[in-house]
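Residues per chain, in single letters:
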Amino acid sequence: MKKISILLFVSIFSQVIYSQEYKVGDNELLAMPTAYTMPAGNAYFTDYELILLNYSYAISDRTHLGIFTLFPFTTDFIETFSIGVKQNYYQDEAFALAATLTFTPKNSFLTLGNVLSYKFNKASFHLNINYLKSYSSLEDFVENDKFLVGIGTKINTSERTAFLIEYYSSSEILSFEETSGLINLGMRISSEYFSTDIGFFRPIQMEDDLIGFPFLKFSYYFH
């Protein structure tokens, strides 16, 4: 579970396009960030699986600051406390690019990422590449590093509903020894202030009858 939580850390700090185009939840797919940012002065709160919490605030139309943590039902929650920033550095009608950084002080865990988003018709495509560093000393910082690559799409089925797909490539990071990656599938239902994502995630080569593990995410948009 801790490794899966780390995967979610990577995806926490993002939001969408310019103010006239942003909709609640546009900042990410199920767990993977998009390159979009919300308007300056706005914020969102997201609850993942009822136990993982994220709050992000837009200090400008292109910059988000955020915090992420486990729900404080145990004293170990402080070990998951993370801070992050997302910076959109390119935007046109179809393409958007953003850089992300997250840092978990207690576990000395750092991620640097870049995400590309492309809109076409009623769908969008997203590519996210992250450099992950876990270290407890200077030697670890120099030698211990990993990469996580994610691709995903959002297909709008109506004004308020969408179908979401994500795939992550690194079995080493996810600690599934016999799997070639992780796939997330789900549906989003949204309104002016709320969005709810319902779906499941599973290792690609999981050898049993289980279809997947349930995924639930709730977001509230302050604007």
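Quick note: structure is the one above.
Not measured: the values here are computed from a predicted model. (Residues numbered from 1 in each chain as written. Predicted model: local features only at pLDDT ≥ 70, side-chain atom pairs only at ≥ 80, totals over all residues. Heavy atoms only, no water.)

Caption draft 1: Here's a closer look at the side chain of Thr63. Note on placement: Thr63 falls in strand E3 (residues 63–70). Those residues in contact with Thr63 that sit more than four places away from it in its chain are Thr37, Tyr57, Ala58, Val85, Lys86 and Gln87. (Helix = DSSP H or I, 4+ residues; strand = E, 2+ residues; numbered from the N terminus. Contact = heavy atoms within 4.5 Å.)

Caption draft 2: Geometry of the sheet that holds strand E6 (residues 109–120). The strand order around the closed barrel formed by 12 strands is E1-E2-E3-E4-E5-E6-E7-E8-E9-E10-E11-E12, and the pairing between neighbours is antiparallel. Strand-to-strand twist in this sheet, taken as the mean axis angle between neighbours without regard to direction, amounts to 20°. With 10 bridges connecting them, strand E5 (residues 95–104) and E6 associate as antiparallel partners. Counterpart to Ala96 in the pairing with E6 is Ser117. (Pairing = 2+ DSSP bridges. Axes fitted to C-alpha atoms, helices over the stretch in contact; angles between N-to-C directions.)

Caption draft 3: Region of the structure containing the environment of Leu216. Inspection of the secondary structure assignment puts Leu216 in strand E12 (residues 213–222). The class of Leu216 is partly exposed, set by a relative accessible area of 36%. When the C-alpha atoms of Leu216 and Gly199 are compared, they prove to be 6.6 Å apart, with 17 residues separating the residues in sequence. Apart from the residues lying within four places of it in its own chain, the contact partners of Leu216 are Asp47, Tyr48, Glu49, Thr196, Asp197 and Ile198. (Buried < 20%, exposed > 50% of the residue type's maximum accessible area, 1.4 Å probe, protein only.)

Caption draft 4: Quick look at the pattern of salt bridges. For the structure on display, the rule yields five salt bridges. With a shortest N-O distance of 2.9 Å, Lys23 and Glu159 are connected by a salt bridge. With Lys23 in the loop between helix H1 (2–10) and strand E1 (43–48) and Glu159 in the loop between strand E8 (146–156) and strand E9 (161–168), the pair connects residues that are 136 residues apart, well separated along the chain. Assessed through its relative accessible area of 35%, Lys23 is described here as partly exposed. On the basis of relative accessibility, which here comes to 55%, the residue Glu159 falls in the exposed class. (Salt bridge = Lys/Arg side-chain N within 4 Å of Asp/Glu carboxyl O.)

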